[in-house]
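# Results of the structural survey
Residues per chain are reported as follows:
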Amino acid sequence: MVNQLSRFYPLPDQFELSLLQYPVLRNAGLFKPIALHPVVHPSFTAKNIRVDILRADQLHPVISGNKWFKLKYHLVQAKREGHTTLISFGGAWSNHLHALAYCANRLGLDCVGIVRGEELSLASNPMLAEADAWGMELKFVSRAQFRDVRSGLRPLLDALKLTRGYVIPEGGDGWLGMVGASTMMAQSIHGVSRYDEVITAVGTGCTFAGLRLGLPTSARLIGYSALRGQWQASAMAHRLQLCGRVGPWQLTDHYCRGGFGRSDKVLLSFIDEFYEDTQVPLEPLYSAKAMMGLMDRVQQQVIKSGSRVLFVHNGGLQGLRGIAPNE
Ligand SMILES: *Cc1c(COP(=O)(O)O)cnc(C)c1O
């Protein structure tokens, strides 16, 4: 994997070393190996498919799952460039902003979270309230202003009078986020070459792209988007094209259940049943949708008997609080 990455990014090892120099991060256990467990579920057993789960959700209670991997090299880069303020973006329930607020707090950095939705406030949800308590300065902007960021950041930063700071793209995305995500597998306890398929939930697509870079080409990567829109597959094709030759992948919004943040009784009871069967906790924004996708793939026999599948659990359980189904 390191070889594959060094083709276009020669630095991950150095980056990793500079991260270890932050005692607070080291002591937080963020560099410990991530456990990989078999998922024992009657549907998988019936079809003779072995499913393992990468429990990245267990990495840390707040900086959980993929969020740490996407953030880590951004933190190093910010320090290299001498920044003392981190700026980033997200929605009201953003696991990314929540994790970032916590990191910044532990590292003694200032941070600003630009939140989509001018009607929101600190009282809107416990994620925002906690981010605020950790010292993140929250700026609530309209959806239109938020959207405009995609065509250029400067006007919004100027309007918010943010003249200095290291900007981390929404969700921790960007080249450094992607390279960070590519190291997720490397931090697992076991190797990865033996999987026929790897399954992950998709938001910005950063984790998916990173996994594709980090995985051997023998493994097919399947992504289940939490957002509605076919545009994502072509955006991903474009993104991966910039990375050179990558292994097979598929991205679908078939299990988004109406779109981002949408949930329903079927999804919620799936979460309960899955937990009863396997003791693996899922959340309705991402992981449950992806697991439903995998379940169908197994039941419809798209995956051959005898195959080995890896499900990447990206965390997000901290965002569960107070989410009600919107039917
Ligand atoms: C953020 C998040 C994702 C999406 O990751 P992207 O890199 O934005 O695609 C998936 N699952 C969980 C639990 C998340 O918190």
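Use the structure listed above.
As the structure is a computational prediction, the values presented were derived from the model and not from experiment. (Residues numbered from 1 in each chain as written. Predicted model: local features only at pLDDT ≥ 70, side-chain atom pairs only at ≥ 80, totals over all residues. Heavy atoms only, no water.)

This model, assessed by the stated rule, comprises seven aromatic pairs. Measuring from ring centre to ring centre gives 6.0 Å for Phe89 and Phe146, while their planes differ by 85 degrees; the resulting arrangement is edge-to-face. Residue Phe89 is found in strand 3 (residues 85-90), and its partner Phe146 is found in helix 8 (residues 143-148); the two are separated by 57 residues along the sequence. A residue is classified by how much of its surface remains accessible, and Phe89, at 4% relative accessible area, is buried. Seen in terms of ring centroids, Tyr224 and Tyr255 are 5.3 Å apart; in terms of plane orientation they differ by 90 degrees. Their pairing is edge-to-face. One end of the pair, Tyr224, is in strand 8 (residues 220-225); the other, Tyr255, is in the loop between strand 9 (249-252) and helix 13 (265-278), with 31 residues separating them in the sequence. (Phe/Tyr/Trp six-rings, centres within 6.5 Å; stacked < 30°, edge-to-face > 60°. Helix = DSSP H or I, 4+ residues; strand = E, 2+ residues; numbered from the N terminus. Buried < 20%, exposed > 50% of the residue type's maximum accessible area, 1.4 Å probe, protein only.)

Look at Lys161: it is not a glycine, yet its phi comes out positive at around 60 degrees. Looking at where Lys161 falls in the secondary structure, it is placed in the loop between helix 9 (154-159) and strand 6 (166-168). At Gln301, a residue that is not glycine, the phi angle is positive and equals roughly 60 degrees. By the secondary structure assignment, Gln301 is in the loop between helix 14 (287-299) and strand 10 (308-313). Classification of Gln301 as exposed rests on a relative accessible area of 56%.

On to the site of the ligand. Not every one of the 15 residues close to the ligand is listed here, only the nearest: Lys67, Lys70, Gly203, Thr204 and Thr207. Between Asn66 and the ligand, the recorded distance is 3.0 Å, taken from a side-chain N or O atom to an oxygen atom. Taken together, the elements giving at least two residues each to the shell around the ligand come down to helix 5 (66-80) and helix 11 (206-214). Ranked by residues supplied to the shell around the ligand, first place goes to helix 5 with three residues. Residue classes in the shell around the ligand are distributed as three nonpolar, nine polar and three charged. (Near = heavy atom within 4 Å. Polar contact = N/O pair within 3.5 Å; in protein donor to acceptor, adjacent residues only side chain to side chain. Nonpolar A, V, L, I, M, F, W, Y, C, P; charged D, E, K, R; others polar.)

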